[in-house]
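Listed here are the chains, written in short residue letters.
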Amino acid sequence: MVTQQDVLTEYDVQALKDADNIELTDEKLENGSKGQLIKVAGQLRDRRNELNQMASERASKRDDLNAKTREKVDEAQEHREKRDELNEKVQEHKESRNELNAKANELFDKVEEMKEDLELDDGKNIEELEEEIEQLEFRQQTEVLSTEDERELIEKIEDKREELSQKKDKVEDSGELEELIEEAEEVRSEASQHHQKVTELADKAQEHHNQMIEAYREADDIRDEADAMHELFVEAQEAADQHHEDFVRVQKRLRELDKQEEQEREDEREEEREAAKEEAEEIYQKFKEGETLDTEDLMKLQKTGLL
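Because the structure is predicted, anything quoted here is derived from the model rather than measured. (Residues numbered from 1 in each chain as written. Predicted model: local features only at pLDDT ≥ 70, side-chain atom pairs only at ≥ 80, totals over all residues. Heavy atoms only, no water.)

A. Representation of the overall build of the protein within the structure. When helices and strands are tallied, the protein shows seven helices and zero strands. Each helix and strand of the protein, ordered N terminal to C terminal, gives the series α-α-α-α-α-α-α. Since a compact globule built from 307 residues should have a radius of gyration of about 19 Å, the 56 Å found for the protein marks it as more spread out than a globular shape. Seen through its C-alpha atoms, the protein measures out along the principal axes to roughly 195 × 40 × 25 Å. Out of the 307 residues belonging to the protein, those deemed buried represent 27%. Nonlocal contacts in the protein, meaning residues at least 24 apart in sequence, comprise 84% of its contacts between residues at least 6 apart. By element, 43% of the accessible surface of the protein is carried by carbon and sulfur atoms, the whole surface being about 21,200 Å². Across the protein, the centroid of the 49 positively charged side chains sits 9 Å from that of the 99 negatively charged ones. (Helix = DSSP H or I, 4+ residues; strand = E, 2+ residues; numbered from the N terminus. Rg over C-alpha atoms; globule rule 2.2 N^0.38 Å. Buried < 20%, exposed > 50% of the residue type's maximum accessible area, 1.4 Å probe, protein only. Contact = heavy atoms within 4.5 Å. Areas by Shrake-Rupley, 256 points an atom, 1.4 Å probe, with all protein chains shown as cover. Lys, Arg positive; Asp, Glu negative; His and termini not counted. Charge placed at Lys NZ, Arg CZ, Asp CG, Glu CD.)

Following this line, the structure appears as C-alpha cells:
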C-alpha cells in the first residue's frame, strides 16, 4: 500500500507544513486594525501563491505518473495481444498435430493388420532368428558332440534356417507393408513437428502472459502512487483556496474600513462646513448691523458664498 509519505520521499516533493499556514480568525478580521489587516493580507497572498505553486508541482507529478500508468497498461495490452496471437497458433498446431496423430494411428493399425495377414509377428523376428542360427552354428563348430546330438543340432539349425527363409520371403513380398510403415512414420514425424511448435509457441505465449501480468502489476503500483500524489495535490489546492478565500475576506474588510474612513472624513468636512457656515452667518449679521469686518472675516464670507 503506497502512502503519501512514500511518494513525498520517492519524488522529492515538499511536504505541506501546517505551521506555515496563515490562520484568520473572525475576531482578527472584525477587530484588527487596518495596518494589521494589510499585513495579514500580504501574508495570506504570499502563502496562497506558495501553495498554488506547490499544488501545480504536485499536479504535474501526478500527471506524469498517470501517463506512466497508461504506458504500462498499453505495454500489458501489447503482451496480451501477442499472447493471444500465439495461443491461436498453438491451437492451430494442436489441431494439425491431433489430426496427423489420428491419421498415423489409423495407418499403424493397418500395418498391424497387414502384419497379421502376413503372419510376420508369429514367432521370433528375423534378427532373433539370425542370432539363434549363429549361436547354434558356433556351438556345432566348437563343441564335441555325440552323433545323435550333432544330428539333432543340425536339424535344429535347418529348421531355423527354413523359418528365417520363410520370414524373409514374406517381408520381400510385403513391399506394400513397407510403404505403409514409411507413410505412417512420416505422418507421425509431421505430427511430432507440430507438437514441437505447440511446445515452442506455448512457451512464448507463457512468457508474454507473465510479462503482461508484470506490466499490469507495475501499472497498479504506479496508479497507487498517482492516487497518493493526487491526494497531496488536493491537500495543497484546498489550503491555497482557503488562503485565497481568507485573502478576499480581508480585502473586503479593508474596503469596508476605507469606506468607513472616507465617511468619517466626509462627516468631519460636513461638520466643518456647517461650523464655517454658522460662523459666517454670525459675521454677516454683524456686517449688516454696521460693524466693520477685517480681512479674515471677509474671506470667511467669501468662502461660504455670503459675500
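B. Structural detail: the confidence of the model for the protein. In this model, the protein carries a mean pLDDT of 88, and residues with pLDDT of at least 70 account for 90%. When pLDDT is averaged over each element of the protein, helix H3 (residues 34-118) comes out on top at 94 and helix H7 (residues 295-304) at the bottom at 71. (pLDDT = per-residue confidence, 0-100.)

C. Fine view of helix H4 (residues 126-142). For H4, spanning 17 residues, the distance from its first C-alpha to its last is 24 Å, which sits close to the expected 24 Å at 1.5 Å a residue. Taken as a whole, H4 has its buried residues at Ile126, Leu129, Glu132, Ile133 and Leu136. Down the axis of H4, the sector holding all buried residues measures 125 degrees, keeping them to one side. Away from its buried face, by an angle of more than 90 degrees, H4 presents the exposed residues Glu127, Glu134, Phe138 and Gln141. (Expected span 1.5 Å × (residues − 1). Arc of directions from axis to C-beta.)

D. Spatial organisation of the pattern of salt bridges. Counting across every chain of the model gives 27 salt bridges. Among the ionic pairs, Arg161 bridges to Glu158, the shortest N-O distance being 3.5 Å. You can see Arg161 and its partner Glu158 sitting in helix H5 (residues 147-172), three residues apart, about one turn around the helix. We classify Glu158 as partly exposed; its relative accessible area is 42%. Across the salt bridge formed by Glu262 and Arg265, the nearest N and O atoms sit 2.8 Å from each other. Here the residue Glu262 and the residue Arg265 both occupy positions in helix H6 (residues 175-288), the gap between them amounting to three residues, near one helical turn. Overall, the relative accessible area of 36% leaves Glu262 in the partly exposed class. Residue classification places Arg265 among the partly exposed residues on the basis of a relative accessible area of 37%. Linked through salt bridges whose partners overlap, the residues forming this network are Lys34, Asp258, Glu261, Glu262, Arg265, Glu266, Arg269, Glu270 and Arg273. (Salt bridge = Lys/Arg side-chain N within 4 Å of Asp/Glu carboxyl O.)

E. Focus on the environment of Asp267. For Asp267, the position within the fold is in helix H6. Judged by relative accessible area, which is 37%, Asp267 ranks as partly exposed. Considering only alpha carbons, one finds Asp267 and Glu291, 24 residues apart in sequence, at a separation of 33 Å.

F. Highlighting the packing of aromatic side chains. For the structure on display, the rule yields zero aromatic pairs. Residue placement shows Arg48 over the ring face of Phe247; its charged tip is 5.1 Å from the ring centre. Between the NZ or CZ atom of Arg62 and the centre of the ring of Phe233, over which it lies, the distance is 4.8 Å. (Phe/Tyr/Trp six-rings, centres within 6.5 Å; stacked < 30°, edge-to-face > 60°. Lys NZ or Arg CZ within 6 Å of the ring centre and 35° of its normal.)

G. Geometry of the environment of Ala102. Residue placement: Ala102 occurs in helix H3. Judged by its relative accessible area of 36%, Ala102 is partly exposed. As for Ala102 and Val250, which are separated by 148 residues in sequence, their C-alpha atoms are 90 Å apart.

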